[in-house]
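Coordinate inspection notes
Below, each chain spelled out in residue letters.
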Amino acid sequence: MKKLLLLPIVLFSMVSCSQPQDTAFTEAALNSKMTTTEGQEITFKDILKQYKGKTVVIDVWASWCPDCAKGMPKVHDLQKQFPDVGYLFLSYDRVDDAWKKGIEKYELQQYGNYHVGKSMKEGDFARDIKLDWIPRYMVVDKNGKIALFKAIEADDDKLIAILKKLK
């Protein structure tokens, strides 16, 4: 009898875990405005155009986030392991100065750095990627399709496997 009661739970968890991931950003997310370190506005679509033909790891982070800080050494390891990949850092810092100091502190100057907004719970971009935690890592393939929708660790096995596959 106990086995029969567990069957619906097991089936439900299999169905909910096997739902397909999103493979494209919505138009609203692509049109989301972000800010460069020089204070200029740019759409996410125009940011992605800069990486056309290149695999990109997107790191959604903030300088105030302890898990983001703890994850930076793993990000640097990933950069060493996959030097031909583009790295894009999208920040949800509340203050521009803190964001810029974080870029310096974590040695992210040579990568794409953009300020998305002050709250990771607001805006089309956050809604589109179903942002519920940072750090958040995504992989976009050379054709601009989302190859990995969500990872919360830079050394996630799926993230690394996808980068190896897309090499």
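The paragraphs below set out a description of the structure included in this document. Note that the structure is a prediction, hence the values are computed from the model and not measured. (Residues numbered from 1 in each chain as written. Predicted model: local features only at pLDDT ≥ 70, side-chain atom pairs only at ≥ 80, totals over all residues. Heavy atoms only, no water.)

Here the focus is the layout of surface pockets. Estimates place the volume of the largest pocket at around 250 Å³. Surrounding the largest pocket, 16 residues form its lining, Leu48, Lys49, Val140, Asn143 and Gly144 being those nearest its centre. Ranked by residue count, the leading element in the lining of the largest pocket is helix H3 (residues 44-49), at 3 residues. Class assignment of the residues belonging to the lining of the largest pocket gives a composition of 7 nonpolar, 3 polar and 6 charged. (1 Å grid on protein atoms, 1.4 Å probe; cavity = no way out; pocket = protein on both sides within 12 Å on 5 of 7 lines; lining within 4 Å. Points joined across faces, edges and corners; volume = space filled by probe spheres on them. Helix = DSSP H or I, 4+ residues; strand = E, 2+ residues; numbered from the N terminus. Nonpolar A, V, L, I, M, F, W, Y, C, P; charged D, E, K, R; others polar.)

Structurally, the position occupied by His76 is in helix H4 (residues 66-81). C-alpha of His76 to C-alpha of Glu107: the two residues are 31 residues apart in sequence and 9.1 Å apart in space. Those residues in contact with His76 that sit more than four places away from it in its chain are Tyr106, Glu107 and Leu108. Among the polar contacts made by the side chain of His76, one reaches the main-chain carbonyl oxygen of Tyr106 at a distance of 2.9 Å. (Contact = heavy atoms within 4.5 Å. Polar contact = N/O pair within 3.5 Å; in protein donor to acceptor, adjacent residues only side chain to side chain.)

With respect to the element layout, Arg136 can be found in strand S6 (residues 136-140). In this structure Arg136 is buried but unpaired, with Asp132 as the nearest side chain of opposite charge at 5.0 Å. At 2.8 Å, the side chain of Arg136 forms a polar contact with the backbone oxygen of Ile129. A distance of 2.8 Å separates a polar side-chain atom of Arg136 from the backbone oxygen of Phe149. Excluding its chain neighbours within four sequence positions, the residues that come into contact with Arg136 are Ile58, Asp59, Val60, Ile129, Lys130, Leu131, Phe149, Lys150 and Ala151. (Buried < 20%, exposed > 50% of the residue type's maximum accessible area, 1.4 Å probe, protein only. Lys, Arg positive; Asp, Glu negative; His and termini not counted. Salt bridge = Lys/Arg side-chain N within 4 Å of Asp/Glu carboxyl O.)

In this description, a pair of aromatic rings is defined by centroid distance and the angle of the planes. For the coordinates displayed, the defined rule picks out 6 aromatic pairs. Aromatic pair Tyr87 and Tyr111: ring centres 5.7 Å apart, planes at 80°, arrangement edge-to-face. Taken as a pair, Tyr87 in strand S4 (residues 86-91) and Tyr111 in the loop between helix H5 (96-105) and strand S5 (112-115) lie far apart in primary sequence, 24 residues in all. Following the ring pairs from residue to residue traces out a cluster consisting of Phe25, Phe44 and Phe125. Taking the ring centre of Trp64 as reference, the NZ or CZ of Arg94 above it sits at 4.4 Å. Over the ring of Phe149 we find Arg136; its NZ or CZ atom is 4.9 Å from the centre of that ring. (Phe/Tyr/Trp six-rings, centres within 6.5 Å; stacked < 30°, edge-to-face > 60°. Lys NZ or Arg CZ within 6 Å of the ring centre and 35° of its normal.)

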